[in-house]
Amino acid sequence: MTALGSSLVTVIGLMAVFIAIPTEPYPDIDGAIKITSAQVCRLSGDSCDQKIAPQNVTLPYYIKPNIHSGIHSARFTFFFDMTAGPDDVTAIYLPKFSDAVSVHVNGVAVTRKQPADEQALLFHSWHRPALSIVPNVVLNRNDNLVSVDLSADYFNNLSLFPVYIGDAAALDFAHQVRLILRVGMARVNFALAILAGFSVLFFWLFRRRDHKFLWLMAANFSVSAVCFHWVYPNFLYDYRIWVVLWNATIGLFAWCLLGFTASLISARLQAFQLGVLAGLFAGICVLVLLPDEEFATGLAGYQLLCLCLGLFVLAVLVAKREKTSWLNFSVLFGLYAIALTLTSIEWLSQYVWPNFVSIMTTPLIPVTYFLGLLWIIFYQLAAALQQYEKLTITLQSTVDQKSQELRESYEKLNAQTQRQAIDEERQRILLDLHDGIGGQLVNTLAYMASQPDQDVVLQTALENALSDMGLMIDSLEANDSISTQLGMLRGRLSPLLDKHHIALKWEVDEEPVLSVAGPSHNLSLLRIVQEAITNAIKHSKASTITVATERCSISVTDNGHGFDLEPVAGRSRTQGHIGLMGMKRRAKSIPATLEISSSNIGSKVTLCWEMSDNAGDNAN
Amino acid sequence: MSDETSSTEARRSGLPHSVLIVEDQIHTAENLRNAVDACDDLQVCGVAYDLETAWAMFEAHKPRFVLTDLELPDGSGVEIIRAATDAIWTCDSMAISVFGDRQRSMDAIRAGAKGYILKSGSVADAGQQILSVIDGGSPMSPKIARYLLTLLVPADAESPDTDLSQLTEREQQILSLVARGYKRREIAELLDISVGTVGIHINNTYRKLEVSSNMEAVARASRIGLI
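Residues numbered from 1 in each chain as written. Chains lettered and ligands numbered in written order. Predicted model: local features only at pLDDT ≥ 70, side-chain atom pairs only at ≥ 80, totals over all residues. Heavy atoms only, no water.

Under an unreviewed UniProt entry, the name given to chain B is Response regulator transcription factor, and the source organism is Roseibium algae.

Under an unreviewed UniProt entry, chain A has the name ATP-binding protein and belongs to Roseibium algae.

Let's talk about empty space enclosed by the protein
Space left empty within the atom packing is revealed by a probe, the size of a water molecule, rolled over the atoms. Residues and elements named next belong to chain A. Following the criterion strictly, the structure yields 3 cavities of 30 Å³ or more and no others. Each pocket or cavity is described by its volume, and for the largest cavity that value is around 50 Å³. If you trace the largest cavity, you find it lined by I528, V529, A532, I554, S555, V556, L594, V605 and L607. Taken together, the elements giving at least two residues each to the lining of the largest cavity come down to α11 (519-539), β17 (553-558) and β19 (602-608). A per-class count over the lining of the largest cavity returns 8 nonpolar, 1 polar and no charged. (1 Å grid on protein atoms, 1.4 Å probe; cavity = no way out; pocket = protein on both sides within 12 Å on 5 of 7 lines; lining within 4 Å. Points joined across faces, edges and corners; volume = space filled by probe spheres on them. Helix = DSSP H or I, 4+ residues; strand = E, 2+ residues; numbered from the N terminus. Nonpolar A, V, L, I, M, F, W, Y, C, P; charged D, E, K, R; others polar.)

Focus: the nonpolar core
Counting 67 residues, the largest nonpolar core has L287 and L317 of chain A as its most contacted members. Counting only elements with at least two residues in this core, the list comes to α1 (2-20), α2 (168-206), α3 (212-231), α4 (239-264), α5 (270-289), α6 (292-319), α7 (326-351) and α8 (364-450) of chain A. If we skip the residues at most four places from it in the chain, L317 of chain A touches T261, L264, I265, F329, L332, F333 and Y336 of chain A. Counting 66 residues, the second largest nonpolar core, distinct from the first, contains W506, L525 and A592 of chain A together with Y182 of chain B. (Core = buried A, V, L, I, M, F, W, Y, C linked by side-chain atoms within 4.5 Å. Buried < 20%, exposed > 50% of the residue type's maximum accessible area, 1.4 Å probe, protein only. Contact = heavy atoms within 4.5 Å.)

What to know about the interface of chain B and chain A
Across the boundary between the two partners, chain B contributes 31 residues, which contact 40 residues of chain A. Counting each side, the surface lost to burial between chain B and chain A is near 3,000 Å², with a carbon and sulfur contribution of 50%. Together, F99, R146 and R180 of chain B form the three largest contributors to the area buried by chain B at its contact with chain A, with a combined 26%. Where chain B touches chain A, the interface holds 6 salt bridges. The shortest N-O distance in the salt bridge between E186 of chain B and R490 of chain A comes to 2.8 Å. (Buried area = accessible area lost by both parts, 1.4 Å probe. Salt bridge = Lys/Arg side-chain N within 4 Å of Asp/Glu carboxyl O.)

Description of the environment of T362 of chain A
All names here are of chain A. By secondary structure assignment, the location of T362 is in the loop between α7 and α8. Separated by 20 residues in sequence, T362 and L342 place their C-alpha atoms 7.3 Å apart. Apart from residues lying up to four places away in sequence, T362 is in contact with W230 and E346.

Focus on the state of the cysteines
Residues and elements named next belong to chain A. Taken as a whole and assessed by the stated rule, the structure comprises 1 disulfide over all chains. Each sulfur in the disulfide pair C41 and C48 lies 1.6 Å from the other. Negative torsions about the S-S bond denote left-handed disulfides, and the value of about -55 degrees found for C41 with C48 makes this one left-handed. We classify C41 as buried; its relative accessible area is 7%. On the accessibility criterion, C48 (24% relative accessible area) is partly exposed. (Disulfide = S-S within 2.5 Å.)

Comments concerning unusual backbone geometry
Here the bond from L59 of chain A into P60 of chain A is cis, since omega is 0 degrees, no more than 30 degrees from zero. Mapped onto the elements, P60 of chain A comes out in the loop between β4 (55-58) and β5 (61-63). Residue P591 of chain A is reached from I590 of chain A by a cis peptide bond, and omega for that bond is 10 degrees. Assignment of secondary structure puts P591 of chain A in the loop between α12 (575-589) and β18 (593-599). A positive phi angle, near 55 degrees, is found at H501 of chain A, a position not held by glycine. Note on placement: H501 of chain A falls in the loop between α10 (482-499) and β15 (503-508). One non-glycine residue, D192 of chain B, lies in positive phi territory at about 60 degrees. Here D192 of chain B lies in the loop between α9 (184-191) and α10 (195-223). Under the relative-accessibility criterion, D192 of chain B is labelled exposed at 69%.

Structural notes on the packing of α2 of chain A against α8 of chain A
All names here are of chain A. Running from N to C, α2 and α8 point in directions that differ by 20 degrees, and their axes come no closer than 12 Å. When the axis of α2 is compared with that of α8, the two are roughly parallel. In the packing of α2 onto α8, the handedness of the crossing is left-handed. Where α2 approaches α8, its residues N189, L192, A193, A196, V200 and F203 are matched on the opposing element by P366, F370, L373, I377, Q380 and L381. A per-class count over the contact of α2 with α8 returns 10 nonpolar, 2 polar and no charged. (Axes fitted to C-alpha atoms, helices over the stretch in contact; angles between N-to-C directions. Parallel < 35°, antiparallel > 145°, perpendicular 65-115°, else oblique. Left-handed = near helix turned anticlockwise from the far one by under 90°.)

Comments concerning the UniProt feature "transmembrane region" (unreviewed entry) in chain A
Residue and element names in this part refer to chain A. UniProt feature "transmembrane region" (unreviewed entry): in the numbering of this structure it lies at residues 188-206, 213-232, 244-265, 272-290, 302-319, 326-345 and 365-385. The span residues 244-265 shows a helical share of 95% and a strand share of 0%, and its end C-alpha atoms are spaced 32 Å apart. Split by type, residues 365-385 is 100% helix and 0% strand. Its first and last C-alpha atoms lie 30 Å apart. (UniProt positions renumbered as here; feature names shortened; annotations may be inferred.)

A look at the side chain of R64 of chain B
By secondary structure assignment, the location of R64 of chain B is in the loop between α3 (51-61) and β3 (65-69). Here D92 of chain B takes part through its side chain, which lies 3.0 Å from a polar atom of the side chain of R64 of chain B. (Polar contact = N/O pair within 3.5 Å; in protein donor to acceptor, adjacent residues only side chain to side chain.)

Focus: helix α6 (residues 126-134) of chain B
Here α6 of chain B lies mainly inside the structure; 8 of its 9 residues are buried. Buried within α6 of chain B are the following residues: A126, G127, Q129, I130, L131, S132, V133 and I134 of chain B.

Overview of the sheet that holds strand β7 (residues 116-118) of chain B
Residue and element names in this part refer to chain B. With parallel pairing, the 5 strands of this open sheet are ordered in space as β2-β1-β3-β6-β7. Both outer strands of the open sheet, β2 (42-48) and β7, are each paired with one neighbouring strand and no more. Within the sheet, the average angular offset between the axes of one strand and its neighbour, ignoring direction, is 25 degrees. Bridging between strand β6 (residues 92-97) and β7 involves 3 bridges; their strand directions are parallel. Note on β7: the bridge partner recorded for S97 is L118. (Pairing = 2+ DSSP bridges.)

Now the structure itself:
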């Protein structure tokens with residue numbers, strides 16, 4: 001509602017502006033005199049109506065119709081003195097009048113008999129100026145009587161604007177200018193509207209989803225239909241029907257404007273639009289069927305309806321101005337408002353206060369419309385270009401970003417592949433080394449085993465070297481899992497266990513996890529465990545050895561006869577004792593603690609270390 | 001790493017299984033030959049010290065079992081293993097390894113070997129190991145089991161997401177126990193299933209490895225543009 005109110009206020013304000021602009025639409029012309037007063041009487045037939053007294057009036061003067069059918073006429077009479085020289089040609093120039101005109105000077109007709117059809121009652125000339133040459137023979141020196149007879153339909157006003165009489169050459173020029181401005185411009189507008197319609201249609205073909213261009217196209221074609229009236233007012237015999245048709249095109253134009261605005265702001269007014277269309281159609285039907293007495297009122301009413309529709313369109317635009325950019329809104333609002341104001345002025349001039357605005361408003365209406373059209377098209381173009389540029393920039397930056405990411409991931413992949421290759425190569429070299437030496441050791445042991453004399457010390461040394469190498473390789477290959485390395489150790493020790501008929505109880509339930517993990521620490525652990533198990537196998541005379549693990553400990557238990565933990569003073573250090581010292585030292589380096597308990601029913605060697613916080617879940 | 005040792009096949013036919021040994025270290029080879037010959041149901045049909053001789057003997061004797069070292073003076077024993085896998089007669093193979101190092105064991109297994117025999121330490125039960133493989137078992141070392149757990153459990157998006165490269169829960173359980181050093185008997189006791197079932201699960205795991213390693217090979221090949 002406030003939108004409606006503010007629109008109305010704007011229109012009234014603009015109207016005030018237009019009213020306030022003082023212009024002289026009918027300036028003096030050099031070499032001619034301007035007639036601004038005349039005596040007017042109503043005509044019945046060919047002579048003045050005796051019942052009504054003639055009046056002295058100032059031009060421009062309007063006569064409202066006083067009949068309800070047919071044609072009403074009036075006669076304007078005035079006198080003038082000759083101004084032109086005897087060699088000059090005199091002419092009478094009527095810039096604006098309504099509707100059909102016939103001029104007599106001193107009783108002689110100076111206007112052509114219009115080639116009116118028999119059926120046509122009037123030859124409408126309201127849209128063009130009239131220039132008549134007055135032959136010198138007709139003219140007196142002074143007091144020439146001019147009578148201008150005007151006729152119009154019962155629903156149109158009679159009007160006469162200031163008349164110029166004088167030098168034909170000067171008046172001819174003014175006449176030409178006026179012809180261009182009125183008749184020429186009318187044709188230009190008509191053609192332009194049709195051209196614009198096709199241009200917008202072409203434009204729409206590229207943006208089919210955008211419905212507002214369809215509306216714009218329809219508006220253009222309806223504008224051309226409206227302009228057609230200015231080009232050929234005498235197109236149809238029945239002027240009443242012609243006028244009704246013309247009003248229909250005005251209504252159509254207003255409806256197309258509504259559609260365009262609705263589409264511009266994406267409003268959901270389809271139902272309303274259909275209703276409006278139905279209303280306009282109904283109005284036309286009413287106009288057609290109206291009896292003659294009401295026809296003038298009917299016209300006024302229908303056009304007022306169209307004006308209200310125009311006001312509504314303006315209000316809709318104001319109400320939803322956030323749907324379009326501020327610039328677009330202000331320009332369109334301005335142009336709409338001006339066009340609406342001009343149209344309202346026209347209506348008011350026609351039906352309420354003739355000539356209350358001195359400025360010529362009629363030619364401005366098409367101008368405003370075409371300005372609006374141009375704006376819409378260029379704005380669309382600019383918006384589209386801007387969007388395209390933005391899109392291109394975004395696209396470019398996305399492409400750049402993705403290329404960069406791709407490049408980085410390729411580099412990472414390359415680096416990784418290289419690292420992997422180096423690691424694999426290193427591993428291969430290591431394995432080759434161990435395998436070569438190991439193979440030689442195995443071969444040597446096999447040879448020694450086949451000999452009759454066996455050197456146990458040498459054999460043991462070689463076997464120890466071989467098993468240590470096995471431990472080393474396992475520490476690298478077991479995925480840091482201590483339980484797996486223990487399992488491999490078990491496999492290597494199986495023959496020895498079988499030889500001594502010792503059963504192995506395997507209780508590796510939990511995965512042992514060192515706080516400082518790594519192959520070297522794991523290796524130290526495994527060496528200690530290997531030594532513990534080997535000691536148990538060789539020296540304890542046990543029947544069962546148990547290997548058990550917890551998260552922070554590994555224990556080797558046997559049910560043998562135990563051993564001496566402390567060397568007796570004086571006795572030479574046994575190999576086993578040295579071994580125990582070595583184990584303790586190794587444990588400390590991890591760091592872990594080695595606990596040994598021994599009795600005559602068995603021994604237990606326990607390795608334990610601090611709990612670690614990090615979850616080392618290599619195994620479960 | 002041994003299962004039930006009854007080799008009904010040999011007894012039925014009455015003939016011992018022929019075994020081809022390929023080992024370039026002479027004394028090691030003799031040791032192995034003695035160990036295998038000591039087994040009633042096995043007989044060594046030939047000992048080759050290099051790849052060329054190995055090929056010749058392979059073609060000539062068409063052995064039931066091939067035992068081959070991987071590092072040979074004139075090539076890799078993996079070729080013989082592959083030949084054994086592709087042979088039109090029933091032929092199983094195992095690698096001979098010093099330490100059972102993972103890389104070479106995996107190469108051998110991928111080529112179709114059923115595992116490896118350690119030549120360090122005593123080879124006395126080499127014969128038993130061979131017989132258990134002929135029986136259908138697939139010996140698996142803890143290290144291999146640990147490695148397979150990382151290989152076959154799809155943790156990353158790289159491995160193809162078919163069921164073939166994924167382990168069932170039971171298989172994962174058994175693999176974990178093997179990885180921790182448990183023997184099949186012990187696993188069967190712990191999980192309350194038969195030793196035979198344990199063996200079947202381990203065999204299935206090997207088959208999945210074969211499939212997975214095939215797919216891996218395909219993936220690798222396609223990545224470097226061969227396919």
